[in-house]
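# A closer look at the structure
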Amino acid sequence: MSIQKPKGTQDLLPGEIEKWQYIETKARELCARFNYKEIRTPVFEHTELFQRGVGETTDIVEKEMYTFLDKADRSISLRPEGTAGVVRAYLENKLYGEPDVNKLYYIGPMFRYEQPQAGRYRQFHQFGVEAFGSQDPSIDAEVIALGYTFYKELGLKEVTVEINSVGNPAVRAAYREHIQRFFAPVKDKLCKDCQSRFDRNPMRILDCKIDQKYGEGAPTIVEHLDEECSTHFQAVQDYLTAMDIPFRLNPRLVRGLDYYTHTAFEYKAGGIGAIDTIGGGGRYNGLVSQIGGQDQPGVGLGLGMERILLVLQSQGVDIPAPKPLDVYLVALGEAAEKACVKLLHDLRLAGLKAEKDYLGRKIKAQMKSADRYNAAYVAILGDDELARSEITVKAMATGEQETVSLASFAQTMQSRNRHV
């Protein structure tokens, strides 16, 4: 049996990878407009980082992390999400010493051991942003608006934003007692995971897909917010309204990570089945100190790239095709073949997308190859043309041909392709 890719992974091949490149370029362009700068962190970190940052009672840490001992017996984990690593880098590199709010973004692979399904893989990719240093609710709204704008500019339809406040630690501690009292009569009927969550993190029971029926009528955390949390949450809503970002309140939204405080949000999209969440995020004012630094407020989001591609496909949204080949060189004869190597290099140095045959094929096969590349022009060089220092250029769209001097060939093709 031949060696195959591991379960839950995928090979991104030419023809498909161009879609990824388009989405990544959109993300980078958008972040530049919102003044977020790129950060790249390791794909593996010390396991303790995720235990502290993501939360030991989360499904991610308990069940889904790829964890192993390295050769020095240190526990290492492949990153299951992006925020904890960015916070670690923010602290280790003393970015908190800068005078302005740190606004960062990342694009890269994450790893979780879970059952693969449509748009969900064991190695998956996220585009995320993080903003450190401000308590201002307007930056919560900015992050939400950035994600929504990203989806809209990609052409996604039926995208909705759901928001909630998960309060501050004091509010959550008081709310915890209300939730435990509510679920206590049905504790034995809850799934095994939720029975474990009952004592350690009862809010997560609201997030369970299995035990939703037992959560009907449960008290909501919004009903128990203090004045500080209520004021913050209302301000976020006011800013979103001012920016014409449509949203709806979802009092059951708690997200799957322990570090959220105040604002939590998710993006939903139509047309991809029951699991319609395509991204989300929130504020995490206690995370920096939890990981080991002086406390700094933060807010961020993570958007799944595979989920985006799934929605684009299911909604029939076309991604612009990559720019076709500018020039395909056809050589006829040994001397012409040698000359084409230099001509091809000159075309590429002039900024043109150019190619030639490497298989020694006849002119008919070379022309078919140019067709497959969707070349705008074919330039044909034979030994006779070479002796006259000329080359024949054919416009593939019209079939028109003309003779061009070899001395001005690259410059001529550069000029032509500006107008294609």
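About the criteria used
- Residues numbered from 1 in each chain as written.
- Predicted model: local features only at pLDDT ≥ 70, side-chain atom pairs only at ≥ 80, totals over all residues.
- Heavy atoms only, no water.
- UniProt positions renumbered as here; feature names shortened; annotations may be inferred.
- Phe/Tyr/Trp six-rings, centres within 6.5 Å; stacked < 30°, edge-to-face > 60°.
- Helix = DSSP H or I, 4+ residues; strand = E, 2+ residues; numbered from the N terminus.
- Buried < 20%, exposed > 50% of the residue type's maximum accessible area, 1.4 Å probe, protein only.
- Lys NZ or Arg CZ within 6 Å of the ring centre and 35° of its normal.
- Pairing = 2+ DSSP bridges.
- Contact = heavy atoms within 4.5 Å.
- Axes fitted to C-alpha atoms, helices over the stretch in contact; angles between N-to-C directions.
- 1 Å grid on protein atoms, 1.4 Å probe; cavity = no way out; pocket = protein on both sides within 12 Å on 5 of 7 lines; lining within 4 Å.
- Points joined across faces, edges and corners; volume = space filled by probe spheres on them.
- Parallel < 35°, antiparallel > 145°, perpendicular 65-115°, else oblique.
- Left-handed = near helix turned anticlockwise from the far one by under 90°.
- Nonpolar A, V, L, I, M, F, W, Y, C, P; charged D, E, K, R; others polar.
- Core = buried A, V, L, I, M, F, W, Y, C linked by side-chain atoms within 4.5 Å.
- Expected span 1.5 Å × (residues − 1).
- Arc of directions from axis to C-beta.
- Salt bridge = Lys/Arg side-chain N within 4 Å of Asp/Glu carboxyl O.

Going by the annotation in an unreviewed UniProt entry, the name recorded for the protein chain is Histidine--tRNA ligase, with Paenibacillus allorhizosphaerae given as the source organism. Of the protein chain, the UniProt comment under Subunit (unreviewed entry) reads exactly: "Homodimer."

By the definition in use, this model includes 11 aromatic pairs. Between tyrosine 105 and phenylalanine 127 the ring centres are 6.5 Å apart and the planes differ by 80°, which places this aromatic pair in the edge-to-face class. Here tyrosine 105, found in strand β5 (residues 102-111), pairs with phenylalanine 127, found in strand β6 (residues 123-132); they are 22 residues apart in sequence, far enough to count as distant. Here the two residues tyrosine 105 and phenylalanine 127 agree in accessibility, since each one is buried. Among the aromatic side chains, those forming a connected cluster through ring pairs are Tyr105, Phe127, Phe150, Tyr151, Phe265 and Tyr267. Note that arginine 122 overlies the ring of tyrosine 113, its terminal NZ or CZ placed 4.0 Å from the centroid.

Spatially, the 8 strands line up as an open sheet ordered β1-β5-β6-β11-β10-β9-β7-β8, and their pairing is mixed. The sheet is open, and its two edges are formed by β1 (37-38) and β8 (247-249), each paired on a single side. Note: strand β9 (residues 261-269) against strand β10 (residues 277-283), 6 bridges, orientation antiparallel. Across the sheet, residue lysine 268 finds its bridge partner in β10, namely threonine 277. Strands β5 and β6 of the sheet are contacted by helix α4 (residues 83-92), whose axis makes an angle of about 45° with β6.

On to the layout of surface pockets, then. Sizing a probe to match a water molecule and rolling it over the atoms shows the empty space that remains. There is about 310 Å³ of room inside the second largest pocket. Forming the walls of the second largest pocket are 16 residues, and the residues nearest its centre are Glu16, Lys19, Leu309, Leu310 and Gln313. Among the elements that make up the lining of the second largest pocket, the one with the highest residue count is helix α10 (residues 305-314) (5 residues).

With their axes 10 Å apart at the nearest point, helix α1 (residues 17-33) and helix α5 (residues 137-154) run at an angle of 135° to one another. Classified by the angle their axes make, α1 and α5 are oblique. Judged by the twist between their axes, the crossing of α1 over α5 is right-handed. Residues Tyr22, Ile23, Lys26, Ala27, Leu30 and Arg33 of α1 touch α5, and the partners they reach there are Leu146, Thr149, Phe150, Glu153 and Leu154. Looking at the contact of α1 with α5, its residues break down into 7 nonpolar, 1 polar and 3 charged.

A separate point is the side chain of glutamine 237. Along the chain, glutamine 237 falls in helix α8 (residues 227-242). For glutamine 237, a relative accessible area of 12% translates into the label buried. If near-sequence neighbours (up to four positions away) are discounted, glutamine 237 is found in contact with Ile163, Phe247 and Leu249.

Below, the discussion takes up the nonpolar core. Looking at soluble globular proteins, one finds that nonpolar side chains tend to be buried together. Core analysis: the biggest nonpolar cluster contains 87 residues, and Phe127, Phe150 and Tyr267 have the highest contact counts within it. Looking at which element gives the most residues to this core, the answer is α5, with 10 residues. Counting 23 residues, the second largest nonpolar core, distinct from the first, contains Leu343, Leu352, Ala395 and Phe409.

So, about α1. In this model α1 runs 25 Å from its N-terminal to its C-terminal C-alpha over 17 residues, within 8% of the 24 Å that 1.5 Å per residue would give. Residue asparagine 35 follows α1 closely and has a positive phi angle near 65°.

Next up on the list: the environment of proline 116. Topologically, proline 116 is positioned in the loop between β5 and β6. Residue class for proline 116 comes out partly exposed when judged on its relative accessible area of 25%. Spatially, the C-alpha atoms of proline 116 and lysine 7 are 7.9 Å apart, while their sequence positions differ by 109 residues. For proline 116, the residues in contact, after removing those within four places along its chain, are Lys7, Gly8 and Arg122.

With that out of the way, let us pick up the environment of isoleucine 221. Looking at the secondary structure, you find isoleucine 221 in the loop between α7 (192-200) and α8. In this structure the C-alpha to C-alpha distance between isoleucine 221 and isoleucine 179, which are 42 residues apart in sequence, comes to 9.2 Å.

This brings us to the sheet that holds strand β4 (residues 75-78). Judged by pairing direction, the sheet is antiparallel, and its 3 strands sit side by side in the order β2-β4-β3 without closing on themselves. Single-partner strands in this sheet number two, and they are β2 (44-46) and β3 (67-69). For this sheet, the mean angle separating the axes of adjacent strands, direction not counted, is 35°.

The N-to-C vectors of helix α6 (residues 169-183) and α7 enclose an angle of 140°; their axes lie 10 Å apart at closest approach. As far as their axial angle goes, α7 and α6 are oblique. The way α6 lies across α7 gives a crossing that is left-handed. Across from Arg176, Gln180 and Phe183 in α6, the residues of α7 making contact are Phe198, Asp199 and Arg200. Here the contact of α6 with α7 is built from residues that sort into 2 nonpolar, 1 polar and 3 charged.

Before going further, it helps to spend a moment on α7. Of the residues making up α7, those classed as buried are Cys194, Arg197 and Phe198. All buried residues of α7 project into a common sector of 115° when viewed along the axis, lining one side. Lining the buried residues of α7 we find α3 (59-64) and α6.

Attention shifts here to the pattern of salt bridges. Applying the stated criterion across every chain yields a total of 21 salt bridges. One salt bridge connects arginine 74 with aspartate 70, and the closest N-O pair in it is separated by 2.8 Å. A relative accessible area of 45% means that arginine 74 is categorised as partly exposed. Note that aspartate 326 and lysine 323 form a salt bridge whose closest N and O atoms lie 2.4 Å from each other. The class of aspartate 326 is buried, set by a relative accessible area of 4%. Each of Arg28, Glu38 and Arg40 takes part in one network of salt bridges that share partners.

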